[in-house]
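Inside the fold
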Amino acid sequence: MKTVSIAALLAATTLAIPALAQSRTVTLSTTLKNYGGDGAYLAVYLTDAKGAYAGTLWVAGGKAKYYKHLTDWKRLSAGDAARVDGVTGASVGQGRTLKVTADLADALFDAGYEVHVDAAVEDMRDSPSEIRVPLTTAGAGKATAGRQFIQSFTYRIQ
């Protein structure tokens, strides 16, 4: 399981709000389908109630030259790969699960924020915002199916 140090992320994004004193540990799990291709690049990120980029939680895939295929994340984050230092790891193979843990401010829950997961696989179609779910306390633990490469996505509040 990957653990995200949100302190650096929060300092660099709009997640840095006064309510940081109160946060919740969230585990985000993304399980891939057996799609018959190479490892998937994934970008897990948040948008605010207006759809504006709020921060990157994790990027799976080590070569920045392929980030352009994570199209919604690249567009919303302005493609600034330098901002993802410390929140990257290896690509995720088919049938495998990526688990990322992050401390998120209480103010982000039930406030219109959404979790997005973009996916891309070499020689296959890109899948921008394949997962898009509201960040709510009621939605915790509920599985969401992806459209192309992702079998299921869940987040759990600890």
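Look a little higher up for the structure.
Here is a short report on the structure shown in this document.

The rules behind the values
Residues numbered from 1 in each chain as written. Predicted model: local features only at pLDDT ≥ 70, side-chain atom pairs only at ≥ 80, totals over all residues. Heavy atoms only, no water. Helix = DSSP H or I, 4+ residues; strand = E, 2+ residues; numbered from the N terminus. Buried < 20%, exposed > 50% of the residue type's maximum accessible area, 1.4 Å probe, protein only. Contact = heavy atoms within 4.5 Å. Phe/Tyr/Trp six-rings, centres within 6.5 Å; stacked < 30°, edge-to-face > 60°. Lys NZ or Arg CZ within 6 Å of the ring centre and 35° of its normal. Core = buried A, V, L, I, M, F, W, Y, C linked by side-chain atoms within 4.5 Å.

Description of the overall build of the protein
A tally of helices and strands in the protein yields 2 helices and 9 strands. Reading the protein from its N end, one meets helices and strands in the order β-α-β-β-β-α-β-β-β-β-β. Sorting the 158 residues of the protein into buried and exposed places 44% on the buried side. Within the protein, contacts between residues at least 6 apart in sequence are counted, and of these 67% link residues at least 24 apart.

Structural notes on the packing of aromatic side chains
To describe a pair of aromatic rings, you give the distance between the ring centres and the angle between the ring planes. The final tally for this structure, using the stated rule, is 4 aromatic pairs. Judged by centre distance (5.1 Å) and plane angle (75°), the ring pair of Tyr35 and Phe149 falls under edge-to-face. Placement of the pair is Tyr35 in the loop between β2 (23–32) and β3 (40–47) and Phe149 in the loop between β8 (127–134) and β9 (150–157), with a sequence separation of 114 residues. Each member of the pair, Tyr35 together with Phe149, is buried. Of the aromatic side chains, those joined through ring pairs into one cluster are Tyr41, Tyr66, Tyr67 and Trp73. The ring of Phe109 carries Arg24 above its face, with NZ or CZ at 4.6 Å from the centroid.

Structural notes on the nonpolar core
Leu28, Leu42, Trp73, Leu104 and Leu135 are the most contacted members of the largest nonpolar core, which totals 43 residues. Counting only elements with at least two residues in this core, the list comes to β2, β3, β4 (53–60), β6 (97–105), β7 (114–121), β8 and β9. With 7 residues, β3 is the largest single contributor of residues to this core. Those residues within four positions of Trp73 in sequence are excluded, and the remaining contacts are Ala43, Tyr45, Tyr53, Thr56, Val59, Tyr67, Val84 and Asp118.

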